[in-house]
Amino acid sequence: AQTVTQSQPEMSVQEAETVTLSCTYDTSESDYYLFWYKQPPSRQMILVIRQEAYKQQNATENRFSVNFQKAAKSFSLKISDSQLGDAAMYFCAYRRNRVGGGSNYKLTFGKGTLLTVNP
Amino acid sequence: NAGVTQTPKFQVLKTGQSMTLQCAQDMNHNSMYWYRQDPGMGLRLIYYSASEGTTDKGEVPNGYNVSRLNKREFSLRLESAAPSQTSVYFCASFGRANSYEQYFGPGTRLTVT
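Attention here is on the structure that accompanies the text. Worth saying up front: this structure is predicted, and the values here are computed from it rather than measured.

## Concerning the overall build of chain B
No. 1: In terms of regular secondary structure, chain B is built from 0 helices and 11 strands.
No. 2: Counted from the first residue to the last, chain B has its helices and strands arranged as β-β-β-β-β-β-β-β-β-β-β.
No. 3: The C-alpha atoms of chain B give a radius of gyration of 13 Å, which matches the 13 Å a tight globule of 113 residues would have.
No. 4: Each principal axis of the C-alpha atoms in chain B carries an extent, and together these give about 40 × 30 × 25 Å.

## Overview of the side chain of Glu52 of chain A
All names here are of chain A.
No. 1: On the secondary structure map, Glu52 appears in strand E6 (residues 46-52).
No. 2: Polar contacts involving the side chain of Glu52 include one to the side chain of Tyr54, which spans 2.9 Å.
No. 3: Contact partners of Glu52, with chain neighbours within four places excluded, come to Tyr32, Tyr33 and Phe68.

## A few points about the interface of chain A and chain B
No. 1: With 21 residues of chain A at the contact, the number on the chain B side is 27 residues.
No. 2: Of the roughly 2000 Å² buried at the junction of chain A and chain B (both faces included), carbon and sulfur atoms supply 54%.
No. 3: Here chain A and chain B share 0 salt bridges between them.
No. 4: Taken together, the connections running from chain A to chain B amount to 7 residue pairs in polar contact (both at pLDDT 80 or more).
No. 5: Of all the elements in the fold, those that place two or more residues in the side of chain A that touches chain B are strand E5 (32-39), E6 and strand E10 (88-96) of chain A.
No. 6: Top contributing element to the side of chain A that touches chain B by residue count: E5 of chain A, with 4 residues.

## With respect to the side chain of Asp86 of chain A
Residue and element names in this part refer to chain A.
No. 1: Structurally, Asp86 can be placed in the loop between strand E9 (74-79) and E10.
No. 2: Within the local environment of Asp86, its side chain forms a polar contact with the side chain of Arg63, the two groups lying 2.8 Å apart.
No. 3: Setting aside residues no more than four positions away along its own chain, Asp86 makes contact with Lys38, Arg63, Phe64, Ile79, Asp81, Leu115 and Val117.

## What to know about unusual backbone geometry
In terms of backbone geometry, most residues other than glycine have negative phi values and most peptide bonds are trans.
No. 1: A cis amide bond links Thr7 of chain B with the next residue in sequence, Pro8 of chain B, at an omega value of -5°.
No. 2: For Pro8 of chain B, the position within the fold is in the loop between strand E1 (4-7) and strand E2 (10-13).
No. 3: In this structure, Ala16 of chain A is a non-glycine residue whose phi angle is positive, near 80°.
No. 4: Of note, Asn28 of chain B is a non-glycine position whose phi angle comes to about 60°, a positive value.
No. 5: Residue placement: Asn28 of chain B occurs in the loop between strand E3 (19-25) and strand E4 (31-38).

## Some details on the state of the cysteines
All names here are of chain A.
No. 1: Summed over all chains, the structure comprises 2 disulfides over all chains.
No. 2: Cys23 shares a disulfide with Cys92; S-S distance 2.0 Å. One quick way to see it: the torsion about the S-S bond of Cys23 and Cys92 is about -70°, and its sign makes the bridge left-handed. In this pair, Cys23 sits in the loop between strand E3 (19-21) and strand E4 (24-26) while Cys92 sits in strand E10, placing the two residues 69 residues apart along the sequence. For the pair shown, Cys23 and Cys92 are each scored as buried.

Conventions we followed
Residues numbered from 1 in each chain as written. Chains lettered and ligands numbered in written order. Predicted model: local features only at pLDDT ≥ 70, side-chain atom pairs only at ≥ 80, totals over all residues. Heavy atoms only, no water. Helix = DSSP H or I, 4+ residues; strand = E, 2+ residues; numbered from the N terminus. Rg over C-alpha atoms; globule rule 2.2 N^0.38 Å. Polar contact = N/O pair within 3.5 Å; in protein donor to acceptor, adjacent residues only side chain to side chain. Contact = heavy atoms within 4.5 Å. Buried area = accessible area lost by both parts, 1.4 Å probe. Salt bridge = Lys/Arg side-chain N within 4 Å of Asp/Glu carboxyl O. Disulfide = S-S within 2.5 Å. Buried < 20%, exposed > 50% of the residue type's maximum accessible area, 1.4 Å probe, protein only.

Given below as structure tokens:
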């Protein structure tokens, strides 16, 4: 079974600075997706960034980027120029890619990291 | 498009009461999911439906039942609510194998007293 571990229950960062959230995962598969989701106080789950395992290049979305180390099974999220609106719970998640017909594309989540942004 | 909708947004039940959480998606997705979110636990899969007419257990199915009413709708039923089922419930849907994103509903906060 796949597992996702986020070892930092809480993190804080000063506005305009950079913060890195850690995630490690365990899988025996080679083809999968990794995701970072943001959950603000509104509860809505918002996809921040994704990484396909077969792509060596790290994904980037504006101020958000990842450091994907496939051999180490590590997937960290870097937030640059942090803004007050970045304050939220962040979840790392894993999903298999190639699954047979009728099978389960479920997401496996870590326990989350609560990010506080200080003005 | 409304995406994924869930009703109700909030609910308080007494122990032993029953209720059904409703979920609908308008994206013509085949797969639908129910997750629960508890403090310090992340989201865990309760049940899923890979396609219309099929349902399967996830990680934490005990105390729940589901119905995939049609391609759009996937309901979650608590037959006899327990305090341990106090949680936030999310419905999600997923379109196709070479896509990547699951779309989430806004969640239902359920309290069982």
